[in-house]
Amino acid sequence: MIDIELRPLLPATRPAPEEFLAATRESAAGLARWMPWYHADYGAEDVARWYAEAERMWQQRLAFPMAIVDSASGRFLGGVGLHDMLTYGK
């Protein structure tokens, strides 16, 4: 069993861009089918844009994208996020 942790996609806690890019390439078939942002030429510039967008979303509290990592090794396993949340009391 792998113990996992969630880490914010912020500069101090996000995976190296190369690690993120390798994961997208490994999951290309599934991503292309279900994720409209993924395309065959997805590359380093796309990762940089995503990281900048993730940081902006965290700062503005619009959404909370996170990396799923192996707690023991720190290896990047995937991603998850909270978004489209209702705001109560505003």
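Look above for the structure.
A short tour of the structure in this document, coming up. Source: prediction; values computed, not measured. (Residues numbered from 1 in each chain as written. Predicted model: local features only at pLDDT ≥ 70, side-chain atom pairs only at ≥ 80, totals over all residues. Heavy atoms only, no water.)

**Points about the overall build of the chain**
- Tallying secondary structure elements over the chain gives three helices and three strands in all.
- Of the roughly 6500 Å² of accessible surface on the chain, a fraction of 57% belongs to carbon and sulfur atoms. (Helix = DSSP H or I, 4+ residues; strand = E, 2+ residues; numbered from the N terminus. Areas by Shrake-Rupley, 256 points an atom, 1.4 Å probe, with all protein chains shown as cover.)

**Remarks on the packing of aromatic side chains**
- Within this structure, the stated rule accounts for six aromatic pairs.
- Measuring from ring centre to ring centre gives 5.6 Å for Phe20 and Phe76, while their planes differ by 35°; the resulting arrangement is tilted. One end of the pair, Phe20, is in helix α1 (residues 17–26); the other, Phe76, is in strand β3 (residues 76–82), and 56 residues separate them in sequence. Neither residue differs from the other here; Phe20 and Phe76 are each classed as buried.
- One aromatic cluster is present, formed by Phe20, Tyr51 and Phe76 through successive ring pairs. (Phe/Tyr/Trp six-rings, centres within 6.5 Å; stacked < 30°, edge-to-face > 60°. Buried < 20%, exposed > 50% of the residue type's maximum accessible area, 1.4 Å probe, protein only.)

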